[in-house]
Amino acid sequence: MCGIVGYVGQKRATDVLLKGLASLEYRGYDSAGVAVVCDGELMVTRRVGKLAALRDVIDAAPPQGTTGIGHTRWATHGRPSEENAHPHIDCDGALAVVHNGIIENYMDLREELTAAGHAFTSETDTETISHLIEACYTGDLTSAVQAALARLDGAYAIAVAHRDHPGEIIAARKDSPLIIGIGDGENIVASDIPAVLAYTRDVMILDDGQVATVTAAGVRVVDLSGAEVTPERMLVEWDLAAAEKGGYDDFMLKEIHEQPRAIRETLLGRMGDDGRIQLSELAMDDDALRAIARVTIIACGTSYHAALVAKTLIETWARVPVEVDFSSEFRYREPIVGPDTLVVAITQSGETADTLAALRTARQRGARAISITNVVGSRVTRESDGVIYTHAGPEIGVAATKTFTAQLAAVYVLALYLAQVHGRLSVDEVRAVWDQLQAMPDVVQRILADDAAILACAEEFDSPVSSLFLGRGIGVPAAMEGALKLKEISYIHAEAYAAGEMKHGPIALITPEVPVVVVALQGHTYEKVVSNVQEVRARGAQVMAVATEGDTAIGKHAEHVLFVPAVPELLSVIPAVVPLQLLAYHVAKLRGCNVDQPRNLAKSVTVE
Ligand code: G6P
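Counting restarts for each chain, with residues numbered from 1 along the sequence as it is written. Predicted model: local features are reported for residues with pLDDT of at least 70 only, side-chain atom pairs are reported and counted for 80 or more only, and whole-chain, interface and lining totals are derived from all residues. The side-chain values count all of the structure's non-hydrogen atoms but skip hydrogen atoms and water molecules.

## Quick notes on the site of the ligand
Put simply, the rule is: Working definition: residue near molecule or strand if any one of its non-hydrogen atoms lies within 4 Å of it. Think of a polar contact as two N or O atoms within 3.5 Å of one another; within protein, one of them needs to be a possible hydrogen donor and the other a possible acceptor, and neighboring residues in sequence only count if both atoms come from side chains. In these tables, accessible area is a Shrake-Rupley quantity obtained with a 1.4 Å probe, and a residue counts as shielded only by the protein chains included in the view. Following the grouping adopted for this structure description, the nonpolar residues are Ala, Val, Leu, Ile, Met, Phe, Trp, Tyr, Cys and Pro, the charged ones are Asp, Glu, Lys and Arg, and the polar ones are all others, Gly among them.
In the region of the ligand, 13 residues are neighbours, and Ser303, Thr347, Gln348, Ser349 and Thr352 sit closest. One of the backbone N or O atoms of Gln348 is found 2.8 Å from an oxygen atom in the ligand. Between an oxygen atom of the ligand and a side-chain N or O atom of Ser349, the distance comes to 2.6 Å. Within the complex, the protein chains bury 92% of what would otherwise be the 390 Å² of accessible surface of the ligand. Among the residues forming the shell around the ligand, the class breakdown is five nonpolar, seven polar and one charged.

## Here's the deal with the pattern of salt bridges
Note the following rule: In what follows, salt bridge is the name for a side-chain nitrogen of Lys or Arg lying within 4 Å of a carboxyl oxygen of Asp or Glu. The rule is simple: take the accessible area with a 1.4 Å probe, protein chains only, and divide by the maximum for that residue type; under 20% is buried, over 50% is exposed, in between is partly exposed. Here a strand is any run of E in DSSP of at least two residues, a helix any run of H or I of at least four, and the numbering for each starts at the N terminus.
Evaluated as defined, the whole model comprises 27 salt bridges. Between Asp15 and Arg12 there is a salt bridge, with its nearest N and O atoms 3.4 Å apart. Since its relative accessible area comes to 41%, Asp15 is described here as partly exposed. Between Asp385 and Arg363 there is a salt bridge, and its shortest N-O distance comes to 2.7 Å. You can see Asp385 sitting in the loop between α13 (379-382) and β19 (386-389) and its partner Arg363 sitting in helix α12 (residues 353-364), a full 22 residues away along the chain. Taking relative accessible area as the criterion, Asp385 reaches 28% and is therefore assigned partly exposed. Arg363 gets classed as partly exposed once you look at its relative accessible area, which sits at 34%.

## What to know about the pairing of strand β21 (residues 493-498)
Within a regular strand, side chains alternate between the sheet's two faces. The condition that has to hold: At least two bridges found by DSSP between two strands are what make those strands a pair. Here the term right-handed applies to a crossover when the path leading from its first strand over the helix to its second strand runs clockwise, the strands being oriented away from the viewer.
As judged from the six bridges shared by strand β20 (residues 466-471) and β21, these two strands associate in the parallel manner. Along β21, the bridge assignment pairs Leu468 with Glu495. Each parallel crossover has a hand, and the one from β20 via helix α18 (residues 475-490) to β21 is right-handed.

## Overview of the pairing of strand β3 (residues 41-48)
In the sheet, strand β2 (residues 31-38) pairs with β3 via eight bridges, with the strands oriented antiparallel. What sits directly across from Val36, in β3, is Met43.

## Description of the sheet that holds strand β23 (residues 543-548)
Test applied: Whenever a helix is involved, its axis is fitted only over the stretch in contact; in every case the axis is a line through C-alpha atoms, and angles between N-to-C directions fall within 0 to 180 degrees. Here, residues are in contact when the closest pair of their heavy atoms is within 4.5 Å.
Sheet architecture is open: five strands sit in the order β21-β20-β22-β23-β24, paired in parallel fashion. The open sheet has two edge strands with one neighbour each: β21 and β24 (560-564). For this sheet, the mean inter-axis angle between neighbouring strands, taken without regard to orientation, is 20°. Running over the sheet, α18 touches β20, β21 and β22 (516-520) and is turned about 160° from β20.

## Some thoughts on the packing of aromatic side chains
Under the convention used in this document: Any two rings among Phe, Tyr and Trp, with Trp reduced to its six-membered ring, count as a pair given centres within 6.5 Å; such a pair is stacked if its planes are under 30 degrees apart, edge-to-face if over 60, and tilted if neither. Charge-over-ring placement is defined geometrically: NZ (Lys) or CZ (Arg) within 6 Å of the ring centre, and within 35 degrees of the ring normal.
This structure, assessed with the given rule, holds two aromatic pairs. Taking 3.9 Å as the distance between ring centres and 20° as the angle between the ring planes, the aromatic pair formed by Tyr304 and Phe326 counts as stacked. In this pair, Tyr304 sits in helix α10 (residues 301-317) while Phe326 sits in strand β16 (residues 322-326), placing the two residues 22 residues apart along the sequence. Phe326 sits in the partly exposed class, given a relative accessible area of 36%. Arranged with centres 6.2 Å apart and planes meeting at 50°, the rings of Trp317 and Tyr412 form a pair that is tilted. Of this pair, Trp317 sits in helix α10 while Tyr412 sits in helix α14 (residues 402-421), placing them 95 residues apart in sequence. Relative accessible area serves as the criterion here: at 8%, Trp317 is assigned to the buried category. In this arrangement the basic side chain of Lys50 is found over the ring face of Tyr29, its NZ or CZ atom lying 4.2 Å from the centre. The ring of Tyr491 is capped by Arg599, whose NZ or CZ atom sits 3.8 Å from the centre of that ring.

The following block contains the structure:
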C-alpha cells in the first residue's frame, strides 16, 4: 500500500511531508512526490526511486508553502515512473490528489472525461480523481471532492490540495485507512500513524464515506450527504516501532490482519456490469483462450500451494486439464508444453529465479505465458504475455500470508474467467460464486476476531518433535500451507499429507507426542476425513481440527476445534488457511522465535 501525508499549519510543508513519508518508508515504494501550495501556485515535485532523490530536488529550492500533500507510491496501475508518481494534477495544475486504493470504474470515467476535453498524462486510476474534481469544482473544494467521490467505485484514501485554497486540505476515505493527527495550530493527514507521531499523539480516525476539510485551526468532517459527523478519536500510546506495525507485535501479524483488504482489493474491478468476469490483462482474446488445451502452473513455496488450488478450481469449473509443477523441477525436465498450453507463473515477488527460468523454458517451447504477482514491474511481468496483479500491498514479514490469500483471490478470478470463456459456467453460476467470493473478506474478518481460540490451541503445541497436517481435496493445499507456515517460523517439523494417503506411511509416525492438525471442513469428502481422523486417534494422536461452524459432531473426534464460517467447499481454502497461519504465528511466538525474519529464509529468492 502507498503512503499518504498531508500538512496544514505554520511549518514549511515539505519538511513535514518528507519526514512523514520517511516514517512510512519501511512499507516499500517505488516513487514519491509532493505538491505544495505556494503564493497562489501549486508546486509539484515527483521522482522515481527512493525519497532521497525527491529530497535532493526539494532541498535545492525548497517551496516555502505551509500547505501540502505527499505520497510514496507502490505501483498498481501503471509502471513505476515519474508520470505515474503522485500527486496527480488536473488539466491546468490547479489541484493535486494523492490516493491509496483502487478505482474500479476508472476506465469508464477516463473515457468520459477525455471526451469532455480533459487531458491525461499518466496510466493511473488516480489521475481520474483529479480531473473529476476539476470537473465538479465551482469554488468550494469540499463540495467538489464530495461530488467527485459520488462517482467513484472502488477503494480510496485521498488527500487533495488546491492553489486557490491555501491553508486547506480535503481528505476522504472508503475501504482504505486514513487518519488525521490533531496538532496545535497544525493538522496532519496520513495513511498511517507513524507519519504523525513526531507532531502529535492525538489522532482522528476517518471512517468510510467521511470527508474532512482540514485547516490549521481545525477539522470539519461531513458524511457523503453533507451532514456533519464526529469521527472516532484515539490517543496513541505506541512508540514508533509499534506504530509501524499498526500496533501489532510483528509485521506478520499485521499482514495476517490485512488479509480482508488484500482479498477485497484483488477482487476489485473484476466483475463487469454484464455479469461477466473481466480479465483483459490476459492479453488473449476469447478464441485464443478457447484454443488452449491445457494449463501448466509453475511456482515455488507458498505460491505453489496457490497453484494447487488453481488446479482444482480450473479443472472443476473450466474442465481444462491443469498440471502443477515446482519451478525448480519444471526447468530441468522435458515438460510437454507448446502453443496450445497456457503457462501460469505464480510468484508474489515476481523475482524468483527458478520461476523465471521455468517461464522462459515454457515460452521457448511456444507456450503462452501469464503471471500472477504482487509486484508491478517485477521481472516476471516483463517476461510474460499477460499479468494478473494481486493487490496485497507490500509484505514485509518473510513468511507469505496476505500475498497468499490475495493469490487465491486471483486464481478464483482466473478459474471463473476460463470457465466463462470455455462456456462451462453460465452467467448465473459465475455470479453465484462471485457473490460468495465478495463475502470472503468478512469471513476472514470473523476468523481473525476469534484469535483467542487459536492461541489456546497453540498453547497445546508444546514443542513436539514433529506434527502432521492433513486434509482432503481443496483442504490438501490448505494443510500444506499450514505445515509450511509452522516449519518456517516456529522451526517445528511439520509434514502435510493428503489424509487418504496417511495409511501408506505417515501413520507410522503417530504417537501421542505428534499433534495432528486436520482440515475437516464440510464438503464431499468430510466423512472420509473424519475416518482418517479416527485412524490417528486410535493410535493416540492429539487432534486439532479446523471445522465448519455448526458441526456438532467434530468435537467427538478432536481435542481442539477451530470453527470457521460455512462457505461452499471450493471456497473453503481461505477460511481453512487463516487459522493455520495464526496457529503457526502463536506457536512461534510462544517459542520466542522472530516471526518476521525466520532463520535461513529470504523474502525473494533471486538465486537458484
Ligand atoms: C521464498 C519466500 C516464500 C515464497 C517463495 C516463493 O521462499 O520466503 O514465502 O513462497 O520464496 O516466492 P515467490 O515470490 O515466487 O512467490
